[in-house]
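Remarks on the overall topology
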Amino acid sequence: MMNPFMVLAVLLPLRTCDATYSQQESIVFPVMYLNVSKDLALQRLLVEWDVGKSAHDSELAMSFEIQVHQTHENTTVWTEFHNVTLDKSGKPLHWMWDSDLPLECMSHSVRIRSKAEASKIWSHWSLWETVPGLDTSNNSGPQIFPNEKIVEEGSDITFCCIGRKGQIIKEFFLVPAVHVSSHKNSQVGLLTVKNVAHQEVPHISVYCQESCNEEQCYDHAIFFVGKPPDTPNDFSCQTQDMRIVTCTWSQGGDTHLYGRHSPKYTLSEEFSQKMVPCTVTCSEQCSCSWDIGQQRICNITVTVENPLGKKTATDVFDVTHRIYPAAPFQLWEECTDTEITLYWKHRNTGIELFCQTEVIQPDGQVELHNSSDVQLHYGSITLSGLQPYTEYTARVHCGTAKHFWRWSEWSEVLTIRTKEASPSGKLDIWREITPVLGGRNVTLFWKQAPSFRANARSISYEVTWEKVEDGSKPESISFSSVYNSTRISIDNHSYRISIMAKNNVNYSLPSVLIIPRATGTEELKEEQVNGTDDGIFISWEPRHIYDSYIIDWCNFPMLQPCDLQWKRFGPNTSSALINSAAFVPGVRYNFHVYGSVANTASLLEKKTGYLRELPTLLDPVVEKVELTFNAVTLSWDSYPINKSQFGFVRGYHVYVSPIQENCSLKGSKKHVLPDGSVLCKYTVENPEEKRYTVKHLLSNTKYKLVVKAYTSGGETPIVNFIYIDTPFNSNMLYLLVLLVIVPSLVAAICRWKMKWVKECCCPLIPSPNKSKVLSFKEVKIDSEKVLKISDCIPDMLAVDSKAEAQKLHPWSQLSSTPTEDKIGGHNSPWLYPNENGERDFTPTPTPQTHTWFENFAYSSHLAVESDPCHIPETLEPSKPELSVLLYQPHYYFDIFNKDVASTPRETAGRKTSLRYISQTDVHCLGRRL
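Residues numbered from 1 in each chain as written. Predicted model: local features only at pLDDT ≥ 70, side-chain atom pairs only at ≥ 80, totals over all residues. Heavy atoms only, no water.

The name given to the chain in an unreviewed UniProt entry is Oncostatin M receptor, with the source organism recorded as Accipiter nisus. As recorded by UniProt, the Sequence similarities (unreviewed entry) comment attached to the chain reads in full: "Belongs to the type I cytokine receptor family. Type 2 subfamily." According to the UniProt record, the Subcellular location (unreviewed entry) comment for the chain reads "Membrane". (UniProt positions renumbered as here; feature names shortened; annotations may be inferred.)

Right, dumping it as structure tokens:
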């Protein structure tokens, strides 16, 4: 805050003839007079001061420093330098300062000092001149300033609340609440709002309360936020009769100020320096009209003003160049079948007009036709090239032919219909031929081609037919306009059929069809075609002999009549996209392609297809189920794949799954149902195949199956299953018998005959220690018992063949390799060991030879032989220390050959070949040892 007092000091050097410049710089002209006042409406300080007559007489260029001080805050809030050149008039100097703070809120003081511009020396400050605020007065209650104010949107505003002496400002706020910066002392409160924005409410309220609660402790004020008005746009003036001038303009944007603060419009004429005597009305546009009398050149200014500002717009014009004609009226016409002459009147007499006629065709196309009105009271125009018996609408507007300004308003609309004429063009005709006994039924169809016009209110049709060959009398029949087909019966000859349209004026040109002689025709195979989003695409193989092609089909193939439709194509066309509003998905449409030459049509191809295929309506019904333990064969022989379906049946899907678990059969694909369960999926791609076998099933298992037909549109959801139980696998039973029961039976039999089996296969080996053969007088050599031959007389010694035995000389048959003697086809129990089994024994003084005996049944090798009756060929040699020559060998071997004599050396070599045989007969597998 600045000091509220300001002093103006002026340095004014005296000008004398002999004074130097330095002397002038030393002369100072102080402020001799200072007065400060305030304009509360504008919140402005008005400052007036003077520096005396001598300063004015010097005509010096002076500089003044001005300071504004807010007394209550003891702050200098503004400092400004003001330069001025004094003159000899002696008039006081003036300066203004606009305060952001209401001047009522606190006292303001001003002071000034001065100096010559060329000098650097300032005068002394003047005394502070104070303008008191209401903060020094004795109020009856708190007061808010400004108490009503209009604020421009985006600006800043400061409010103050002055309390009574001895009271403190307790509350100071805005409603609706906005962001403010506040400052309060004991008696004065300040609120500053930055960048004020328009609120949705009409105004913003300010409330102030002192520290008491009585009624006099409150005060409130309001302020409005708005915008200055926009400059009037499109401001222009015009006249219809060169007397009454009407000016129009657009209002511009909303100022958010209403009522007494809303924008005010005034018009003035600059040449006459007069206000225009008119009343402004505004809706979509603002306008104002008045009588200009004989004035021809005008300079009109429109001013729009509100408390936040004003804007102007000006239009200078020659009245003769701003003529806006009145709209034509009283239209009437004269017409033929192809022309209309339109007449109208206008009010602008004496003015040459240029008029424009708008004609709207039946298809909505707009045509504009220009004309000049040389007549003073009415105008006319002739419109040609129109269609007979056709309705047209017309209207007219005009402008001045000279100095064209703008078109008048449109006249009223006039509806005109041309007169009737003969039908134009030909009918588009077609036929459907049905063979019957003795002839044919021909159903004829006709429709108005795009080029055909009835050209009259009512129309009828005439059908004529006659034989081509014999020139018989033609037959004919007529139909009203509500008919578009008929049926005639003809024989098998060739016929010529013509159909004409007729109105009240004349006939149209005939449309002709030739029905050729009936002949046998071969049946054509239907070809499947595909639908698209826009229709069904048909293509055919072109033939050069035809001059056109025709495609026909039924819009409703399941109904009778089926609403037969047809379409013609040129000779160079070989494909078409057939569309119809009647086409719906899931319906099969049949198409016939014809070639036509000389009005005679021949069937070329048949097509069938869907706009869009849908899933089949019904699922195949499984009629037969053939089960094995690991496969199931399903048959659905009676399932139809014809046009009753909603799409072409492309094949079948067979779904299989065990009831209790997901499926994973070999050769299948997985199919996941919405509930997350998994089925095995098999595909039959041939729709004629209605039998399928699912393999790799488990025996004795419950399965669920379903057969679905599919099209290009998919298939219906799976709902119902059939359930099967695979039979038990009998092969497994046989295998079980072989692997379990037979071995168990054998084991039982073996256990039952164990003793016999054991005796047969594994005979019981007697312990040598328990044998009676050892019950002799003990002779021990190294703790081993030794049997003397003389103490043991065998009961019997068995030899299979004595002749063979005689051939085997015991001493000469010893070989380097163990050998079995073949006697009578049996293995001889007599084995002769290798020479390495020979041991040298020292003979005792007694002239006796001892021989070692060993029972083959005691050999450990016997236990691991596959044949228990086979005597091992190689036996472990007896220990030398157990070999004792207790017996003369020649006494024993004499049983083979009494004539053979053996030496002790030979006896010693044979001691390991001679074996003891138990005195027990052993029977094994029919053999005797």
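Before going further, it helps to examine the overall build of the chain. A tally of regular secondary structure across the chain gives 7 helices and 60 strands. Across the 929 residues of the chain, 41% fall into the buried class. If you sum the accessible surface of the chain, you get close to 52100 Å²; carbon and sulfur atoms cover 52% of it. (Helix = DSSP H or I, 4+ residues; strand = E, 2+ residues; numbered from the N terminus. Buried < 20%, exposed > 50% of the residue type's maximum accessible area, 1.4 Å probe, protein only. Areas by Shrake-Rupley, 256 points an atom, 1.4 Å probe, with all protein chains shown as cover.)

Another aspect to go through is the confidence of the model for the chain. Across the chain, the average pLDDT comes to 79, with 77% of residues at 70 or higher. The weakest mean pLDDT in the chain belongs to strand S1 (residues 9–10) at 34; the strongest belongs to strand S42 (residues 548–554) at 96. Contacts of residues 1–24 to residues separated by more than four positions or lying in other chains number 139 contacts, the stretch itself having pLDDT below 50. Segment residues 807–929: pLDDT under 50, and 193 contacts once partners within four positions in sequence are set aside and those in other chains are kept. (pLDDT = per-residue confidence, 0-100. Contact = heavy atoms within 4.5 Å.)

Buried together is how nonpolar side chains tend to be arranged in soluble globular proteins. Residues Leu45, Val47, Trp49 and Ile112 are the most contacted members of the largest nonpolar core, which totals 22 residues. Counting residues per element, the ones that place at least two in this core are strand S3 (33–39), strand S4 (44–50), strand S5 (61–70), strand S7 (93–98) and strand S8 (108–116). Top element by residues in this core is S5. It accounts for 4 residues. Residues contacting Leu45, with those up to four places away along its chain left out, are Val36, Ser37, Lys38, Val68, Trp95, Met96, Trp97, Leu103, His108, Val110 and Val131. Ranked by size, the runner-up nonpolar core spans 21 residues in total, among them Val442, Tyr461, Phe479 and Ile497. (Core = buried A, V, L, I, M, F, W, Y, C linked by side-chain atoms within 4.5 Å.)

Here we come to the sheet that holds strand S18 (residues 233–239). Backbone hydrogen bonds hold the strands of a sheet together, and the pairing may be parallel or antiparallel. What the 4 strands build is an open sheet, ordered S18-S19-S23-S22; its pairing is antiparallel. If you trace the sheet from one side to the other, it starts and ends with S18 and strand S22 (281–282), each paired once. In the sheet, strand S19 (residues 244–250) pairs with strand S23 (residues 286–291) via 6 bridges, with the strands oriented antiparallel. Directly across from Ile244, in S23, lies its bridge partner Asp291. (Pairing = 2+ DSSP bridges.)

Another aspect to go through is the pattern of salt bridges. In total, this model carries 22 salt bridges according to the counting rule given. Salt-bridge contacts for Asp315 lead to Arg322; the nearest nitrogen and oxygen are separated by 2.8 Å. Ionic contacts of the salt-bridge type, sharing partners, join the residues Glu527, Arg543, Glu605 and Lys607 into one network. (Salt bridge = Lys/Arg side-chain N within 4 Å of Asp/Glu carboxyl O.)

Turning our eyes to something else, we now look at the sheet that holds strand S13 (residues 169–175). Strand order in the open sheet formed by 4 strands is S11-S17-S16-S13, with mixed pairing between adjacent strands. Every other strand in the sheet has two partners, leaving strand S11 (148–152) and S13 as the edge strands with one partner each. In this sheet, adjacent strand axes meet at a mean angle of 20° when their direction is disregarded. Summarising the sheet, S13 and strand S16 (residues 204–210) pair through 6 bridges and their orientation is antiparallel. Paired with Phe173 across the bridge in S16 is Tyr207. (Axes fitted to C-alpha atoms, helices over the stretch in contact; angles between N-to-C directions.)

A grouping of Leu738, Leu739, Val740, Ile741, Val742 and Val746 is seen on the molecular surface, where their side chains present a nonpolar patch of about 540 Å² in accessible area. Mapped onto the fold, Val740 is located in helix H3 (residues 730–752). With relative accessibility at 42%, the residue Val740 sits in the partly exposed group. (Patch = residues over 30% accessible without salt bridge, like charges linked within 9 Å, V, L, I, M, F, W, Y side chains within 5 Å.)

According to the stated counting rule, one finds 9 disulfides in the structure shown. With a sulfur-sulfur separation of 2.0 Å, Cys554 is cross-linked through a disulfide to Cys562. Take Cys554: its relative accessible area is 16%, and that puts it in the buried class. Given the relative accessible area of 9%, Cys562 is considered buried. One disulfide bridge connects Cys663 with Cys680, the sulfur atoms lying 2.0 Å from each other. Where Cys663 bonds to Cys680 through sulfur, the torsion about that S-S bond is close to -100°, and the disulfide is left-handed. In this pair, Cys663 sits in the loop between strand S49 (651–658) and strand S50 (669–672) while Cys680 sits in strand S51 (residues 678–684), placing the two residues 17 residues apart along the sequence. With no disulfide of its own, Cys298 has Cys237 as its nearest cysteine by sulfur position, at a separation of 7.9 Å. By relative accessible area, which is 1% here, Cys298 ends up buried. (Disulfide = S-S within 2.5 Å.)

Relative to the elements of secondary structure, Thr400 occurs in strand S31 (residues 391–400). By relative accessible area, Thr400 is classed as buried at 2%. A polar contact of 3.1 Å, which involves the side chain of Thr400, links it to the backbone oxygen of Lys402. Within the structure, Thr400 has its side chain in polar contact with the backbone oxygen of His403 (distance 3.2 Å). If near-sequence neighbours (up to four positions away) are discounted, Thr400 is found in contact with Ile323, Pro325, Ile351, Glu352, Leu353, Phe354 and Trp405. (Polar contact = N/O pair within 3.5 Å; in protein donor to acceptor, adjacent residues only side chain to side chain.)

The next thing to look at is unusual backbone geometry. For residues other than glycine, phi is negative in most cases, and the peptide bonds are mostly trans. With an omega dihedral of 0°, the bond running from Val175 to Pro176 counts as a cis peptide bond. With an omega dihedral of -5°, the bond running from Gln560 to Pro561 counts as a cis peptide bond. Mapped onto the fold, Pro561 is located in the loop between S42 and strand S43 (564–569). Of note, the phi angle at Asn599 is positive, near 65°, even though the residue is not glycine. Position of Asn599 among the secondary structure elements: in the loop between strand S45 (588–597) and strand S46 (600–610).

The subject of this paragraph is the environment of His198. The topology assignment puts His198 in the loop between strand S15 (188–193) and S16. Overall, the relative accessible area of 24% leaves His198 in the partly exposed class. His198 sits 28 residues away from Gly226 along the chain, and the two C-alpha atoms are 6.6 Å apart. Discounting chain neighbours no more than four positions away, the residues touching His198 are Glu153, Val225 and His256.

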